[in-house]
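Chains, contacts and geometry: an overview
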Amino acid sequence: MRTLTVELPGGAYEIRIGDGLLAELGAMLLPFHGEETPVVVVTDENVWSHYRAPLAASLAAAGIAFVPAVCPPGETNKSMDGLERLYDVFAKAGLPRGGLVVAFGGGVVGDLAGFAAATWMRGVQLVQVPTTLLAQVDSSVGGKTAVNHAHGKNLIGAFYQPKLVVVDPETLRTLPAREVRGGMAEVIKYGAIRSKSLFDTLDGDMKPAALAEIIEACCRIKSEIVVRDERDFGERMLLNFGHTFGHAIERRHGFGHYTHGEAVAFGMVVAARLGERLALTQPGAADALRRLLARHRLAPDYPEPPVVLAPAMASDKKSGGRGVRLVLLRRIGEAFTQEMRFDDIEAALALLGAAPQVFSQ
Ligand code: ADP
Ligand code: ZN
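Here we summarise the structure given alongside this text. Quick caveat: nothing in here was measured; it's all calculated off a predicted structure.

Here we take up the nonpolar core. Ranked by internal contacts, the top residues of the largest apolar core, which has 74 residues, are Ile15, Phe241, Phe245, Leu289, Leu326, Leu329 and Ile345. Of all the elements, helix α10 (residues 260-277) adds the most residues to this core, at 10 residues. Two domains each put at least three residues into this core: domain 1 (2-174) and domain 2 (177-359). Setting aside residues no more than four positions away along its own chain, Leu326 makes contact with Thr244, Phe245, Leu274, Met313, Phe336, Thr337, Gln338, Met340 and Ile345.

And the structure:
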């Protein structure tokens, strides 16, 4: 088992990573579990159909009674209605102050269960057990929780750190291939912004057993950044590499057309090409990124000329003003932020033209 400690002012917690850890989850929950009260396990129908038996066995072995809250899968459940239904389960289960919620699923479950845990009785204990690659390397670490609102994604949320994060990479065996690829986009992102050696590892002959090591490397980078900037005012912004363009792509095509990871993959290449064009990024970085993405079966090149993304960027509610703080690469393994006006971004995007030839690997 690999263990990382996230040291935040509000308290420290561990991220534990290892194949087969699900079997030990029950024992790991014991320190957070009050004898008399049930644990509520929030999950979705897909995860439940695959892992109901091993999860129940793991908790039973530790003598922990639990109430499952099984949500429909998908982003639409990350809603005020979905939240309301969870609170109903909490109420019926008699989840008390000091009680424990386990978020067992992908990013949707983590966000929804996390926000419910943050708000129920002004906050109960939360343990994250992420089951998608995206959630294992990204959303389960760092304490962001939220639900969507008619006015926008993740509009209602809280920073709420878990007591523990338990990552079992074996749960990824049942994850649809497209979801795994999407998660790999975020893994590649960590290499691009912070670790040339991770980037090179991903470019080597990866063995399946290497996954735990790779997840650990990503969680380490994310937690280091989060510790220095928990509330996302500075350095944490580097984690948005590829996301300003990625979100524009998601908005332009409607959420769900491309997965988040697919859109981020395109966005990273656009950002790298833009940086090269502005002579801020070492030449060749964009091609290195494109090659690595293609190697992990992600399409690297957005099919339209990137300048079409300008209107969707400017309409991003988060950006507010006349520009954004864009994350660019200095070189592979190093990123920085640069304030840019939308006009200037649009002009630079126009210079990029259509996508170059797609690599085939
Ligand atoms: P993400 O973590 O990418 O934000 P979701 O929480 O929406 O996304 O999960 C993506 C999809 O994968 C959902 O349909 C979810 O039910 C399913 N899923 C999550 N974890 C697993 C798993 N380990 N095996 C199979 N399907 C899973
Ligand atoms: Zn992302």
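Next comes the rest of the description.
With that out of the way, let us pick up the coordination of the zinc ion (ligand 2). With distances of 2.0 to 2.1 Å, the protein atoms coordinating the zinc ion (ligand 2) are Glu186 (OE), His243 (NE2) and His260 (NE2). Along the chain, the residues donating to the zinc ion (ligand 2) fall in the pattern E-x56-H-x16-H. In this pair, His243 is assigned in helix α9 (residues 243-253) and His260 in helix α10, connecting sequence segments 17 residues apart. Exposure remark for His243: the relative accessible area of 6% places this residue in the buried category. Given the relative accessible area of 24%, His260 is considered partly exposed.

Counting across every chain of the model gives 0 disulfides. Summary of cysteine pairing: Cys218 is not part of a disulfide, and the nearest cysteine sulfur, belonging to Cys219, is at 6.9 Å. Classification of Cys218 as buried rests on a relative accessible area of 0%.

Time to look at the packing of helix α3 (residues 80-93) against helix α4 (residues 107-119). Interaxial distance between α3 and α4 falls to 10 Å at its minimum, and their mutual angle equals 55°. One way to sum up the angle between α3 and α4 is to call them oblique. You can see that α3 and α4 cross each other, and the crossing is right-handed. Contacts from Gly82, Leu83, Leu86, Tyr87 and Phe90 in α3 reach Leu112, Ala113, Phe115, Ala116, Ala117 and Thr119 in α4.

For Met121, which is not a glycine, the phi torsion comes out positive at approximately 55°. Examined against the element boundaries, Met121 turns out to sit in the loop between α4 and β6 (125-130). For Met121, a relative accessible area of 41% gives the class partly exposed. At Arg122, a position not held by glycine, the phi torsion is positive, near 65°. With respect to the secondary-structure elements, Arg122 resides in the loop between α4 and β6.

A separate point is α3. Taking 1.5 Å of rise per residue, 14 residues should cover 20 Å, and α3 covers 20 Å from first to last C-alpha, within 8% of that figure. Residues of α3 that are buried: Gly82, Leu83, Leu86, Tyr87, Phe90 and Ala93. Angular distribution of buried residues about the axis of α3 spans 140°; they occupy a single face of the element. Facing away from the buried side of α3, by more than 90 degrees, are the exposed residues Asp81 and Lys92. Downstream of α3 by a residue or two, Gly94 has a phi angle that is positive, lying close to 70°.

This part takes up the packing of α10 against helix α11 (residues 285-295). The relative placement of two packed helices comes down to the angle between their axes together with the axis-to-axis distance. Where α10 meets α11, the axes come as close as 8 Å, and the angle between the chain directions of the two elements is 165°. Judged by the angle between their axes, α10 and α11 are roughly antiparallel. For α10 against α11, the interelement crossing comes out left-handed. Here Ala265, Met268, Val269, Ala272, Arg273 and Glu276 of α10 come into contact with α11, specifically with Ala285, Ala286, Asp287, Leu289, Arg290 and Leu293. For the contact of α10 with α11, a count of residues per class yields 8 nonpolar, no polar and 4 charged.

Below, the discussion takes up the pairing of strand β4 (residues 66-71). For strand β3 (residues 39-44) and β4, the ladder comprises 6 bridges, and the chain directions are parallel. From the neighbouring strand, Val42 faces β4, where its bridge partner is Ala69. Considered for its hand, the β-α-β crossover made up of β3, helix α2 (residues 45-61) and β4 is right-handed.

Residues in contact with ligand 1 amount to 17 residues; listed here are only the nearest, Asp44, Gly107, Thr131, Thr132 and Thr174. Within the contact set of ligand 1, a nitrogen atom lies 2.8 Å away from a backbone nitrogen or oxygen of Thr171. The separation between a nitrogen atom of ligand 1 and a polar side-chain atom of Thr174 is 2.7 Å. Protein contacts shield 86% of the accessible area of ligand 1, which totals 560 Å² for the unbound molecule. Listing elements by their share of the shell around ligand 1, those giving two or more residues are α2 and α4. When grouped by side-chain class, the residues that make up the shell around ligand 1 number 7 nonpolar, 8 polar and 2 charged.

Once that is clear, we can look at the side chain of His33. Tracing the backbone through its elements, the reader meets His33 in the loop between α1 (25-29) and β3. There is a polar contact of 3.2 Å between the side chain of His33 and the backbone oxygen of Thr37. The contacts of His33, once residues within four sequence positions are left out, are Val39 and Ile64.

Turning to the packing of aromatic side chains, a few remarks are in order. Here the structure, examined in full by the defined rule, presents 7 aromatic pairs. Judged by centre distance (6.5 Å) and plane angle (70°), the rings of Tyr87 and Phe90 are edge-to-face. Pair noted here: Tyr87 and Phe90 are both in helix α3, with a separation of 3 residues, about one helical turn. According to the relative accessible area criterion, Phe90 is buried, its value standing at 0%. Pairing Phe266 with Tyr302 gives two aromatic rings, centres 5.6 Å apart and planes at 65°, and the pair type is edge-to-face. Placement of the pair is Phe266 in helix α10 and Tyr302 in the loop between α11 and α12 (310-314), with a sequence separation of 36 residues.

Rules and cut-offs
Residues numbered from 1 in each chain as written. Chains lettered and ligands numbered in written order. Predicted model: local features only at pLDDT ≥ 70, side-chain atom pairs only at ≥ 80, totals over all residues. Heavy atoms only, no water. Core = buried A, V, L, I, M, F, W, Y, C linked by side-chain atoms within 4.5 Å. Buried < 20%, exposed > 50% of the residue type's maximum accessible area, 1.4 Å probe, protein only. Helix = DSSP H or I, 4+ residues; strand = E, 2+ residues; numbered from the N terminus. Domains from an automatic or database assignment. Contact = heavy atoms within 4.5 Å. Donors = N, O, S within 2.8 Å, 3.2 Å for Na, K, Ca; no water. Disulfide = S-S within 2.5 Å. Axes fitted to C-alpha atoms, helices over the stretch in contact; angles between N-to-C directions. Parallel < 35°, antiparallel > 145°, perpendicular 65-115°, else oblique. Left-handed = near helix turned anticlockwise from the far one by under 90°. Expected span 1.5 Å × (residues − 1). Arc of directions from axis to C-beta. Nonpolar A, V, L, I, M, F, W, Y, C, P; charged D, E, K, R; others polar. Pairing = 2+ DSSP bridges. Right-handed = clockwise from strand over helix to strand, strands pointing away. Near = heavy atom within 4 Å. Polar contact = N/O pair within 3.5 Å; in protein donor to acceptor, adjacent residues only side chain to side chain. Areas by Shrake-Rupley, 256 points an atom, 1.4 Å probe, with all protein chains shown as cover. Phe/Tyr/Trp six-rings, centres within 6.5 Å; stacked < 30°, edge-to-face > 60°.

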